[in-house]
Each structure stands twice: as C-alpha cells, then as structure tokens.
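Residue-level structure breakdown
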Amino acid sequence: MTQHSIETFRTLAPLLMPQLFDLNHLESIDDYDDYALMAFSLAEPIPIETLLDDLEDQMELNILYHMQRSGDTDSGQHCCAYSSPSFEHMYKINAQTEIDGLVGTVYVYLFESLEVMLESLKVDVEEHSKLGYFISKMELTQYLSDFM
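For clarity, every value in this text was computed on a predicted model and none was experimentally measured.

A few words on the overall build of the chain. Each helix and strand in the chain was counted, giving 4 helices and 7 strands. Starting at the N terminus and walking to the C terminus, you meet the elements of the chain as α-β-β-α-β-β-β-β-α-β-α. For the chain, the C-alpha radius of gyration of 15 Å lies close to 15 Å, the compact-globule estimate for 148 residues. With the C-alpha coordinates aligned to their principal axes, the bounding extent of the chain is approximately 45 × 35 × 25 Å. Out of the 148 residues in the chain, the part that is buried amounts to 46%. Considering only contacts in the chain between residues 6 or more positions apart, those separated by 24 or more positions represent 56%. Taken as a whole, the chain presents about 7800 Å² of accessible surface, with 49% of it coming from carbon and sulfur. Each charge sign in the chain was given a centre, from 6 positive and 27 negative side chains, and these centres are 9 Å apart.

Next comes the structure, spelled out in structure tokens:
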C-alpha cells in the first residue's frame, strides 16, 4: 500500500466528516501488501443508522449492507459502505454496534487495486451472511457495475 493513499484519506476524510475521522482519535494504521487498515475511535458513539446516513449523504458512499445478528438487541449490528472506484479513491468502511447499541469504532480499508477491493467486498458480504440477517444488502450485480 502506498503512503500516498493513506495520507490522502487522512487529509480529506476529516474535512468531510470530522466527527468520524478525527485524527486525534486515529487508533491505528496497519499497512498490508494489498490494503491498509485504519481504525478511528469516535469521541461520541453514534447509532448505526446515523453512521449509514452520514456515509451516504456526506461522503457519497454506497451502502453495501446493514445486518443484524439477532432481533433481540441493538448490539451486534454490522454495516459496510464503499466508495465508487470511479472517484479514484478506493476504500470501504466497516463498523458494528457495541453492547450499548452504538458504534464506537470505524474501520477504513484503503485499496489500490480494483480486483482486491471487489474481492474484499464479496468476502465481506459472504462472511456476514452467515452471522445473522440483512436489514439491507446490495446485490452482487449492483456493486459489480461500479467496477466495470
């Protein structure tokens, strides 16, 4: 992963959504061969619905899925959103609710390869399909069209 992609995200994301991507709350950056992973803790935990609305409205991300492990509690909800590769920046954002039913940490995966990003999205959906039920989910044909 190039440092350029990491630095670009560190520069732009706090401008778009300072409540989510406050560099003072950047917990870690792990740089792997095919991607980089950044973890941001939130100063104020938020409901997952608020996070999804903000990602869609303020960052113009595509919501890949919102899923629930069990219908009995607000904890255990997971979500994933991704940027359209046509915008040059390739990343996905994952989050899940904690025991209090709020999101306290947001994970950002940065990619430099369309193939690696697409495969990551496919695997993400497949893994989460085994954990519970989807409240909403983009079909494979829908997100494949972003990579054509």
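What follows concerns the sheet that holds strand E2 (residues 35-46). With antiparallel pairing, 7 strands are arranged side by side in an open sheet as E1-E2-E6-E5-E4-E3-E7. Taken across any chain shown, the strands that pair with only one partner, and hence form the sheet edges, are strand E1 (26-31) and strand E7 (133-137). Strand after strand, the sheet turns through a mean of 15 degrees between neighbouring axes, direction not considered. As paired elements, E2 and strand E6 (residues 103-111) share 8 bridges and run antiparallel to each other. Residue pairing across strands places Ala-39 opposite Tyr-107, the latter belonging to E6.

Right, let's talk about the side chain of Asn-94 for a bit. Relative to the helices and strands, Asn-94 resides in strand E5 (residues 90-97). Only 2.8 Å separates the side chain of Asn-94 from the side chain of Asp-124, close enough to count as a polar contact. The contact partners of Asn-94, leaving out residues within four places of it in the chain, are Tyr-65, Cys-79, Cys-80, Val-106, Tyr-107, Tyr-109 and Asp-124.

All right, on to the environment of Phe-147 then. Looking at where Phe-147 falls in the secondary structure, it is placed in the segment after helix H4 (140-144). Residues Phe-147 and Tyr-65 lie 82 residues apart in sequence; the distance between their C-alpha atoms is 17 Å. In contact with Phe-147, not counting residues within four places along its chain, are Tyr-82, Pro-85, Leu-114, Met-117, Leu-118 and Leu-121.

With 14 residues, helix H1 (residues 3-16) should reach 20 Å at 1.5 Å per residue; the first-to-last C-alpha distance of 20 Å fits that figure. Within the span of H1, buried status applies to Ser-5, Ile-6, Thr-8, Phe-9, Ala-13 and Pro-14. Against the buried residues of H1 lie E1, E2, E5 and E6.

Parameters at a glance
Residues numbered from 1 in each chain as written. Predicted model: local features only at pLDDT ≥ 70, side-chain atom pairs only at ≥ 80, totals over all residues. Heavy atoms only, no water. Helix = DSSP H or I, 4+ residues; strand = E, 2+ residues; numbered from the N terminus. Rg over C-alpha atoms; globule rule 2.2 N^0.38 Å. Buried < 20%, exposed > 50% of the residue type's maximum accessible area, 1.4 Å probe, protein only. Contact = heavy atoms within 4.5 Å. Areas by Shrake-Rupley, 256 points an atom, 1.4 Å probe, with all protein chains shown as cover. Lys, Arg positive; Asp, Glu negative; His and termini not counted. Charge placed at Lys NZ, Arg CZ, Asp CG, Glu CD. Pairing = 2+ DSSP bridges. Axes fitted to C-alpha atoms, helices over the stretch in contact; angles between N-to-C directions. Polar contact = N/O pair within 3.5 Å; in protein donor to acceptor, adjacent residues only side chain to side chain. Expected span 1.5 Å × (residues − 1).

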